[in-house]
Amino acid sequence: MYGAQLIAALRRLEPSLEFFGVGGDRMRAAGCDTVFDSKDLAVVGITEIVGHLPKIWGLFRKLVAEADRRKPDLAIVIDAPAFNWRVARAMHERGTPVVYYVCPQFWAWRQGRVKLLRKYVTKALAIFPFEEQFFRERGVDTTFVGHPLASLPLPTITREAYAQQHQLDPAKSWITLMPGSRRKEVAMNLPTILTAAAQLGAGYEFLLPVAPTLDPNFVLSMAQAVPALKNSLHLVPDSLPALRHSRAGIIASGTATVEAALMNTPFVMVYRVSPLTYLLGRSQVKVPFFAMVNLIAGTAVVPELVQHDFTAENIVSHVQELLPERPDRQTMLAGLAQVRARLEGPLGAISAPDRAAAIIHTMLAPQTSHPRS
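Residues numbered from 1 in each chain as written. Predicted model: local features only at pLDDT ≥ 70, side-chain atom pairs only at ≥ 80, totals over all residues. Heavy atoms only, no water.

S.K.: Mind showing me how you'd approach the packing of helix 11 (residues 255-262) against helix 15 (residues 327-343) here?
M.R.: Two numbers describe a pair of packed helices, the interaxial angle and the distance between the axes. Between helix 11 and helix 15, the least distance of the axes is 8 Å, while the angle of their chain directions is 105°. In terms of orientation, helix 11 lies roughly perpendicular with respect to helix 15. Seen from helix 11, the contacting residues are V258, A261 and L262; seen from helix 15, they are L336, V339, R340 and L343. Considered class by class, the residues forming the contact of helix 11 with helix 15 number six nonpolar, no polar and one charged. (Axes fitted to C-alpha atoms, helices over the stretch in contact; angles between N-to-C directions. Helix = DSSP H or I, 4+ residues; strand = E, 2+ residues; numbered from the N terminus. Parallel < 35°, antiparallel > 145°, perpendicular 65-115°, else oblique. Contact = heavy atoms within 4.5 Å. Nonpolar A, V, L, I, M, F, W, Y, C, P; charged D, E, K, R; others polar.)

In structure tokens, the structure reads:
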């Protein structure tokens, strides 16, 4: 999504630009020639990634070989630091300027790795307000451009039309379930989320947006393992309309928590990784919260249920506090509004992709007689 937004913004400034790299359907639709699909890199965790290393190394070499063939004027890497810092290094070694859009969360853990950005990245474009100071203080040329999701328009479909489209009961309250965008995440998070949904009961409709990086049949097979949800669980394609029209959400840590904040949907954050990954990673975490909205707000806006605290009973308890019009709900809504305001960035009506594109455009070499990439 972020890559597609950025391609569109750059082409508004210079239509002749050409793009190639790693992406999915949205980037291809925006005009990017993909060397391989980004879902091939969709692995999360420390221990989980080991078995995928040979495949990932092969994809990296394929991408670099394509860059050697095409000789791009600029390289833009987006998020995915375990893979992209190596791409940044390879491009830097070839004399290609590198922009890092959606900076690695080195402020959260492994802060020593900031030196990789300082060494290999020409310009960093931060999407969270506190990142600019963090990276600048460590010698990385960084500009906060705002969050790409903050510029997305609110879904226009009405609740009634959405209910008809997905066979939902408009008289019931709806709860959105978002277990993650990677297969391993979903396997770790979804069973407990579904157990909690079953305990909440048939008085609700449950919406489960299926990320484009996932096989819908994989998600469906897990959902069918909970017979109590047979008539109340609905797999849907897009997260934003589901969140917009839901009373509450059960959301795995990650970008989905930002989406929920932008859609004004109170939620409970959950997350689980393998015990070994948690053991190895927890001691390295340098921030007081897991949920991005809490980090942005600087306080506990939403409850965080991580690892052993992530139980169906705890989810049910917190969700039940958010459903009625009570002070807990109103306090969370006020906190989410504060987060939305901070994510919009410093220039109001100018979107994050447009700000990023303007900076990147100034870095491109002088116009040549052939399209640039």
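S.K.: Is there a simple way to think about the sheet that holds strand 10 (residues 248-252) in this case?
M.R.: What links the strands of a sheet is backbone hydrogen bonding, and the strands pair in either a parallel or an antiparallel sense. Spatially, six strands are ordered 9-8-7-10-11-12 in an open sheet, and the strand pairing comes out parallel. This sheet does not close on itself; its edge strands, each paired only once, are strand 9 (233-236) and strand 12 (304-306). Adjacent strand axes in the sheet meet at a mean angle of 20°, parallel and antiparallel pairs treated alike. Inspection of the sheet shows strand 7 (residues 173-178) paired to strand 10 by four bridges, in the parallel sense. Across the sheet, the residue bridging to M178 is I251, located in strand 10. Each of strand 7, strand 8 (204-209), strand 9, strand 10 and strand 11 (267-271) is contacted by helix 8 (residues 183-200), which is oriented at about 160° to strand 7, the strand it contacts most. (Pairing = 2+ DSSP bridges.)

S.K.: So what exactly am I meant to see when it comes to unusual backbone geometry here?
M.R.: As a rule of thumb, non-glycine residues mostly have phi less than zero, and peptide bonds are mostly trans rather than cis. Of note, V102 is a non-glycine position whose phi angle comes to about 70°, a positive value. For N264, which is not glycine, the phi dihedral falls at a positive 65°. Its location among the elements puts N264 in the loop between helix 11 and strand 11. Note on N264: relative accessible area 31%, which makes it partly exposed. (Buried < 20%, exposed > 50% of the residue type's maximum accessible area, 1.4 Å probe, protein only.)

S.K.: Could you clarify how one ought to interpret the pairing of strand 4 (residues 98-101) in this entry?
M.R.: The two faces of the sheet receive side chains in turn, since in a regular strand these alternate between them. Residues V98 and Y100 of strand 4 are buried on one face, and the alternating residues V99 and Y101, pointing to the opposite face, are buried as well. Relative to strand 4, strand 3 (residues 75-78) runs parallel, the two sharing four bridges. Paired with I76 across the strands is V99, a residue of strand 4. After leaving strand 3, the chain enters helix 4 (residues 81-93) and then returns to the sheet as strand 4, a path that is right-handed. Pairing of strand 4 with strand 5 (residues 123-126), which is carried by three bridges, proceeds in the parallel orientation. Its bridge partner lying in strand 5, Y101 is registered against L125. Assessed by its sense of winding, the connection that carries the chain from strand 4 through helix 5 (residues 114-120) to strand 5 is right-handed. (Right-handed = clockwise from strand over helix to strand, strands pointing away.)

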